[in-house]
Amino acid sequence: MRKEEDTPVEERFLLVECHADETARTAFGRVLPQPAANEAVVFLGYNYADVPVGRQYACCFRRADAEVAEQVTTTVVAVTQQYGHLWDHIPHGWKTLALLRFEPSIPPMVRELPPGGLWYEHRGSVCVSDADTWGAYVAAGRAR
């Protein structure tokens, strides 16, 4: 168990690998609610801390081009893994399948991610974070 406040600020982001395709949703995500127009079921990379369902973030940025962030409220709506159970949080160090809500709408950098059927199928390329994490990430020269 790792608390968010125990994580360096520049590491406090969700790493979105890709959208979950129908195969993945059937195999791993059947317990997730059906996404609304402003929601997406995505594969998340290893998580930085225990993050509760309901946690909201303020922006998204491309991992390869972190100099530009899009301001969008992103909420963790639901989380599961290969066991077919809904979880009340994203566990530290786990790769998960999550339903994220974007308000007012899904930003292009997320919408354009490819679909995939498994973790590791696509390299994580979009980070979801708060503005202070984005700023610390850029300041630390982590954009790659």
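Each value, and the rule that gives it
- Residues numbered from 1 in each chain as written.
- Predicted model: local features only at pLDDT ≥ 70, side-chain atom pairs only at ≥ 80, totals over all residues.
- Heavy atoms only, no water.
- Salt bridge = Lys/Arg side-chain N within 4 Å of Asp/Glu carboxyl O.
- Helix = DSSP H or I, 4+ residues; strand = E, 2+ residues; numbered from the N terminus.
- Buried < 20%, exposed > 50% of the residue type's maximum accessible area, 1.4 Å probe, protein only.
- Phe/Tyr/Trp six-rings, centres within 6.5 Å; stacked < 30°, edge-to-face > 60°.

S.K.: I keep staring at the pattern of salt bridges and nothing clicks. Help me out?
M.R.: Side chains bearing opposite charge may pair, as long as their charged atoms lie close to each other. Enumeration over the complete set of coordinates arrives at 5 salt bridges. Glutamate 17 is the partner of lysine 95 in a salt bridge, and the nearest nitrogen-oxygen pair spans 2.3 Å. Here glutamate 17 lies in strand β1 (residues 14-20) and lysine 95 lies in the loop between β6 (89-90) and β7 (96-103), a separation of 78 residues in the sequence. Here lysine 95 and glutamate 17 have matching classes, each one buried. For arginine 55, the salt bridge identified is with aspartate 130, shortest N-O distance 2.9 Å. Placement of arginine 55 in the loop between β3 (51-52) and β4 (56-62) and of aspartate 130 in the loop between β9 (126-129) and α3 (131-139) is noted, with a sequence separation of 75 residues between them. One network of salt bridges, with partners in common, ties together Glu4, Arg55 and Asp130.

S.K.: How do you make sense of the packing of aromatic side chains when you look at a structure like this?
M.R.: Each aromatic ring pair is characterised by the separation of its centres together with the angle its planes make. For the structure shown, the criterion picks out 7 aromatic pairs. Judged by centre distance (5.2 Å) and plane angle (50 degrees), the ring pair of phenylalanine 28 and tryptophan 119 falls under tilted. Taken as a pair, phenylalanine 28 in the loop between α1 (22-27) and β2 (39-44) and tryptophan 119 in the loop between β8 (115-116) and β9 lie far apart in primary sequence, 91 residues in all. Exposure class is identical for phenylalanine 28 and tryptophan 119. Each is buried. On the numbers, 4.9 Å between centres and 75 degrees between planes, the contact of phenylalanine 43 with tryptophan 119 is edge-to-face.

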